[in-house]
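Letter by letter, the chains look like this.
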Amino acid sequence: MQKWRNEVRYTAGLKFANIPFLVDGETYVTQSLAILRYLARKFGLVPKCEEELVKCEMIEQEISDLKTRMNNTCYDPFMTIPGHRPGSETGLFDHEFLKNQLTIRLEERIPMFDEWLSGGGFCVGDTVCYVDFLVYEFLDQLRRFLPSPFKGKSKVAAFMSKV
């Protein structure tokens, strides 16, 4: 880690030095999503038309929203703001309350993913694209944390088994 801080971080041409990073010839990329998108373009895993691109962007942002909710459930997002605890009924950080709120949200959203995936098995039809990897990674985390909203969602299960 010391070598990263002293040598690589500022000398490798990384404008926003961070881990993970990718060096591909003369191209330097940091940030997970930027790396994912770069590799998708390089290997042809990008939407083929505007309609598919819009679908990918919507799914990407839905995942982002759900990630924020999960992070707020696992970590007290207001720990640095004295007296401010909107994540509970008691005014204190309440993991179980937040977990229940996340479960309610997932019970609304996971069926939407199940329906969305009925159009060919991947996020934008019958061909895998970069957003499928993003969705897989997060749904895998979610189903381990809160498995109940995933029960009976056959298309989500099929998607998870083939990505």
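Asks: What's the story with the state of the cysteines in this structure? I'm lost.
Replies: Here, disulfide denotes a covalent bond that connects the sulfur atoms of two cysteines. Inspection of every chain in the model, using the stated rule, returns zero disulfides. With no disulfide of its own, Cys 49 has Cys 56 as its nearest cysteine by sulfur position, at a separation of 9.6 Å. The thiol of Cys 56 is not disulfide-bonded; the next cysteine sulfur, from Cys 129, is found 3.4 Å away.

Asks: Quick question: what am I supposed to make of a nonpolar patch on the surface here?
Replies: Together, Ile 19, Phe 21, Val 23 and Tyr 28 make up an exposed nonpolar region whose accessible area comes to about 340 Å². Residue placement: Tyr 28 occurs in strand E2 (residues 27-30). Taking relative accessible area as the criterion, Tyr 28 reaches 37% and is therefore assigned partly exposed.

Asks: Before we go on, may I ask you to explain helix H2 (residues 32-42) in this structure?
Replies: Since there are 3.6 residues in each turn of an α-helix, residues three or four apart along the chain are aligned in direction. Every buried residue belonging to H2 is among Ile 35, Tyr 38 and Ala 40, and all of these are buried. Looking at the buried side of H2, the elements it contacts are strand E1 (21-24), E2 and helix H5 (130-145). Two residues or fewer after H2 comes Gly 44, characterised by a positive phi angle close to 70 degrees.

Asks: Would you mind going over the environment of Val 29 with me for this structure?
Replies: Along the chain, the position of Val 29 falls in strand E2. A C-alpha to C-alpha distance of 9.9 Å links Val 29 and Ile 19, two positions 10 residues apart in sequence.

Asks: Help me understand the nonpolar core in this model?
Replies: If you look at soluble globular proteins, the nonpolar side chains tend to sit buried side by side. Counting 27 residues, the largest nonpolar core has Phe 113, Val 131, Val 135, Leu 139, Leu 142 and Val 156 as the members making the most contacts within it. Where this core is concerned, the elements lending two or more residues are helix H3 (50-74), helix H4 (95-116), H5 and helix H6 (154-162). With seven residues, H5 is the single largest residue contributor to this core.

Asks: Explain the pattern of salt bridges here, please?
Replies: In a structure, side chains of opposite charge can pair up when their charged atoms sit close to one another. The full count for this structure, using the stated rule, is seven salt bridges. Lys 42 serves as the salt-bridge partner of Asp 24, at 2.5 Å between the closest nitrogen and oxygen. Here Asp 24, found in strand E1, pairs with Lys 42, found in helix H2; they are 18 residues apart in sequence, far enough to count as distant. With a relative accessible area of 24%, Asp 24 lands in the partly exposed category. Residue Glu 62 is joined to Arg 109 by a salt bridge in which the shortest nitrogen-to-oxygen separation is 2.8 Å. Of this pair, Glu 62 sits in helix H3 while Arg 109 is found in helix H4, placing the two residues 47 residues apart along the sequence. For the pair formed by Glu 62 and Arg 109, the shared burial category is buried. Taken together, the shared-partner salt bridges in this structure form one network comprising Asp 140, Arg 143 and Arg 144.

Asks: Explain the pairing of E2 to me, please; I cannot follow it from the model alone.
Replies: Side-chain direction in a regular strand flips from residue to residue, so the side chains alternate between the two faces of the sheet. Here E1 pairs with E2 via four bridges, running antiparallel. Looking at E2, one finds that Leu 22 is bridged to Val 29. From the end of E1 to the start of E2, which pair antiparallel, there are two residues, and Gly 25 there has a positive phi angle of about 65 degrees.

Asks: Mind showing me how you'd approach the packing of aromatic side chains here?
Replies: The description of an aromatic ring pair uses the distance of the two centres, along with the angle that the planes make with each other. Summed over all chains, the structure comprises zero aromatic pairs. In this structure, Lys 99 is placed above the aromatic ring of Phe 145, and the distance from its NZ or CZ to the ring centre is 5.3 Å. Over the ring of Phe 122 we find Lys 162; its NZ or CZ atom is 4.5 Å from the centre of that ring.

What counts and what doesn't
Residues numbered from 1 in each chain as written. Predicted model: local features only at pLDDT ≥ 70, side-chain atom pairs only at ≥ 80, totals over all residues. Heavy atoms only, no water. Disulfide = S-S within 2.5 Å. Patch = residues over 30% accessible without salt bridge, like charges linked within 9 Å, V, L, I, M, F, W, Y side chains within 5 Å. Areas by Shrake-Rupley, 256 points an atom, 1.4 Å probe, with all protein chains shown as cover. Salt bridge = Lys/Arg side-chain N within 4 Å of Asp/Glu carboxyl O. Helix = DSSP H or I, 4+ residues; strand = E, 2+ residues; numbered from the N terminus. Buried < 20%, exposed > 50% of the residue type's maximum accessible area, 1.4 Å probe, protein only. Contact = heavy atoms within 4.5 Å. Core = buried A, V, L, I, M, F, W, Y, C linked by side-chain atoms within 4.5 Å. Pairing = 2+ DSSP bridges. Phe/Tyr/Trp six-rings, centres within 6.5 Å; stacked < 30°, edge-to-face > 60°. Lys NZ or Arg CZ within 6 Å of the ring centre and 35° of its normal.

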